[in-house]
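# A structural walkthrough
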Amino acid sequence: MSAEVTLLGVRHHGPGSARAVAAALERLRPDAVLVEGPPEAEPILGLAAAKDMVPPVALLAHAADDPARAAFWPYAEFSPEWVAIRHAVDRGVPLRFIDLPVGHSFAEGAEGAEGGAEEEDAALPRDPIARLAEAAGHDDPERWWEDVVEHRRPADGEDALAPFAAVAEAMAVLREDGGASLRDRQREAYMRGRIRAARRAGHHRIAVVCGAFHVPALERTPTVAEDRALLAGLPRKVRTEITWVPWTHRRLSQASGYGAGIVSPGWYHHLHRTDGDDPLPGWLTRAAGLLRAEDHPVSSAHVIEAVRLARALAGLRGRPLAGLTETLDAVRAVMCEGSDVALALVRDRLVIGDALGSVPEDAPAVPLQRDLARLQRTLRLKPAPEPRDLDLDLRKETDAARSRLLHRLRLLGVDWGVPVRSQVASTGTFRESWRLCWQPEFAVRIAEAAQWGTTVERAAVGKAVGTARAAAELAELTGLVETCLVADLAEALPAVMRVLADLAALDTDVAHLARALPALVRALRYGDVRGTDHAALGEVAGGLADRIRVGLPPACTGLDAAGAAAMRVHLDEVHGAIGLLGGDDGLADRWAGTLRSLARREPSNGPATGVPGLLRGRAVRLLLDDGRLDPAEAGRRLGLVLSTAGSPADAAGWIEGFLSGGGTLLLHDPRLLGLLDAWLTGVPAAVFTDLLPLLRRTFATLEAGVRHTVGSRVAAGPLDSGDAGPAAEAAEVDLARAGAALPVVALLLGLPAGAVVGAAAPAAALGADRPRIPRQAGGRDT
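Just so we're clear, the structure is a prediction, and the values are computed from it rather than from any experiment. (Residues numbered from 1 in each chain as written. Predicted model: local features only at pLDDT ≥ 70, side-chain atom pairs only at ≥ 80, totals over all residues. Heavy atoms only, no water.)

## Observations regarding the overall build of the protein chain
Counting its regular elements, the protein chain contains 37 helices and 10 strands. Here the protein chain holds 782 residues, and the buried ones make up 48% of them. Taking the intrachain contacts of the protein chain between residues at least 6 apart in sequence as the baseline, contacts between residues at least 24 apart amount to 76%. Of the accessible surface of the protein chain, which amounts to about 36300 Å², a share of 54% is contributed by carbon and sulfur atoms. (Helix = DSSP H or I, 4+ residues; strand = E, 2+ residues; numbered from the N terminus. Buried < 20%, exposed > 50% of the residue type's maximum accessible area, 1.4 Å probe, protein only. Contact = heavy atoms within 4.5 Å. Areas by Shrake-Rupley, 256 points an atom, 1.4 Å probe, with all protein chains shown as cover.)

Pasting the structure below:
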């Protein structure tokens, strides 16, 4: 320290450091205050004194030509830098930021770094606080720092600068072996240059507030030439824009920017607010109120006992005051009855907290941000860090406008609202449910989205058109069309539809077309409630549906198990989409013809020659559910599939596809259940073992009630397959017709002509008195 310059080394976001800085500045009464921070922010530092400026807030800087390159400098009410800023602004003292300009970092391509402090912390080979705690014989750096700094109360008559002298001495020892990166040395050279400039400006009492790690370097007095040599390697800085944005305590708790290592911003805020008073009673009273609001039985007696326990624990552990550890131990034992679940609530709401700051309306902002703020006021949607649910009735003008805003912001990458399942019982398409949660980093995304337009609507239109031109898949484009409709971006739709039509005309992959159609059809439905024009969509959707209809049977031929499973999903989605399309152009009839074609394409010479059983069975079920196939015909097809001529694996796949729409038809049509039972009990043991996983998967998808009833019916006795198909017809043999075929059979078998004659012989030969076949795995005989 010198007579002109006083270095106040601090720990970022420390209430003890903030308290010490306030006391030191009152004693020094400086005529200039220099603070570690980006010099680009100096023109807007005066806003710190505005009535609407409520911490936590942050400086947001971004490259003018690339808003994605951004950096934050967060400040809480208990940040020593914020205390220094308010001291200077409130008293009219010249205030300067002395850190290296952020424009140099942007020139190096540093993207997304949240403030220079993050680079500073990352540059340290070892945490200096941890090293100091270790030297003092403590294994917990945070606890040691709380004891010696955050909970420390100055003694009467103690010099306000004494703590800073002690910290500077300790840091000097730590930096004797180097430990500073090139970037740290460049920052410190720039800071020394700014201090020299303050001296040249005629200031005599200069207070410098900076990270304690930098104090030893700033006390050194290298020559100007040496510092210039260090700075010569910096890239030319880029043009930068900077403003104030709201911040949150929760964001401070994350390891980024000045928030690195600050795990308890809500607790620190309380310590700062209760400066000079005992913080325990007030904080534990708030904890009791929180737990009572969540229906925990907590009374004032619990608060009294928790205060006593926390103080007793501090005494037993040799601490000057009860810290956060002792306080939470007392809350767990007294208020939460040992429950970590209830304690987690206290940690989340009080130790961290959801406090959201605010900034003045006249703070610099991109036009897009101003338009968003206007819409938030008009629609009464106040940004808040706590998640909250919002139900919208799209028949109401205000709710429809809110829906449009949230959809447009999602298109711009600002997920302030996320669609959720409605908690209100309703089947109408006029209702939407959202979960809102504002995050500070949305300020960066808004600045980045400003390249598309100056208002939310214009930016969303520009982003939609730009996304469409860059799209490579139909599904992406149809999803974008759906978004344009729900966001009411009529101006973007023609351009998006042109790209969609061109891409659809060139794409021959049926799977791509099948993924694209459902979203397009869903988009058509929004016209009813929102009043949007969707005439062009119907034409494109109908064309896609016809192309899928023609190309689907060949695309389903020769698929393996994985390919068949994926195609079944597409088949169901396309079927549902065509059902929603409706119309009088015969599309539904043509689609039914496609399903019949699928159902008939059985493998004739191995699996590669036909459609897998999974898809054939599914096609039959879809036709049955739509009333385009008679139940008797469905039973006949099931009998054919389950005949001995078919492959058991193919039959099992057919059954899976047939039953995937629900198993209640097995209860309504006993013949189907009988056919299935007869086939299953006749499968050879070795094949049955291979089929078991597939069968278990199939029946596991059925409703629990259906499974239970099917099991009861099977256990009750023999099932009759009726006359549903070939298996039923075989039970009633026409002996006269069978006798006419016996001479040919005898010839084929090499038997003498007439060896088998008479009316009874055919019955015996054809097995009229057939033996019972035992069920696999010891089940009921059938």
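## Let's talk about the environment of Leu290
Position of Leu290 relative to the elements: it lies in helix α13 (residues 279-293). By relative accessible area, Leu290 is classed as buried at 13%. The sequence separation of Leu290 and Arg349 amounts to 59 residues, and the corresponding C-alpha distance is 8.3 Å. Each residue touching Leu290, except ones within four places of it in the same chain, is listed here: Leu345, Val346, Arg349 and Leu350.

## Structural notes on the pattern of salt bridges
Applying the stated criterion to the full structure yields 40 salt bridges. The closest approach of N and O atoms between Arg192 and Asp227, which form a salt bridge, is 2.7 Å. With Arg192 in helix α8 (residues 182-200) and Asp227 in helix α10 (residues 224-231), this pair connects stretches of sequence that are 35 residues apart. Where Arg239 meets Glu241, a salt bridge forms, and the shortest distance between an N and an O atom there is 3.8 Å. (Salt bridge = Lys/Arg side-chain N within 4 Å of Asp/Glu carboxyl O.)

## Comments concerning the pairing of strand β10 (residues 431-436)
As judged from the 6 bridges shared by strand β8 (residues 388-393) and β10, these two strands associate in the antiparallel manner. When the bridges of β10 are listed, Asp393 appears paired with Arg431. Note: strand β9 (residues 417-419) against β10, 3 bridges, orientation antiparallel. Note on β10: the bridge partner recorded for Pro419 is Trp434. (Pairing = 2+ DSSP bridges.)

## Remarks on the nonpolar core
Formed by 85 residues in total, the largest nonpolar core has its most connected members in Val481, Leu517 and Trp679. Counting residues per element, this core draws most heavily on helix α23 (residues 510-530), at 9 residues. Setting aside anything within four residues of it in sequence, one finds Val481 in contact with Leu493, Val496, Met497, Leu500, Leu520, Ala523 and Leu537. Counting 42 residues, the second-largest nonpolar core is a separate cluster that includes Ala70, Tyr268, Leu271 and Val444. (Core = buried A, V, L, I, M, F, W, Y, C linked by side-chain atoms within 4.5 Å.)

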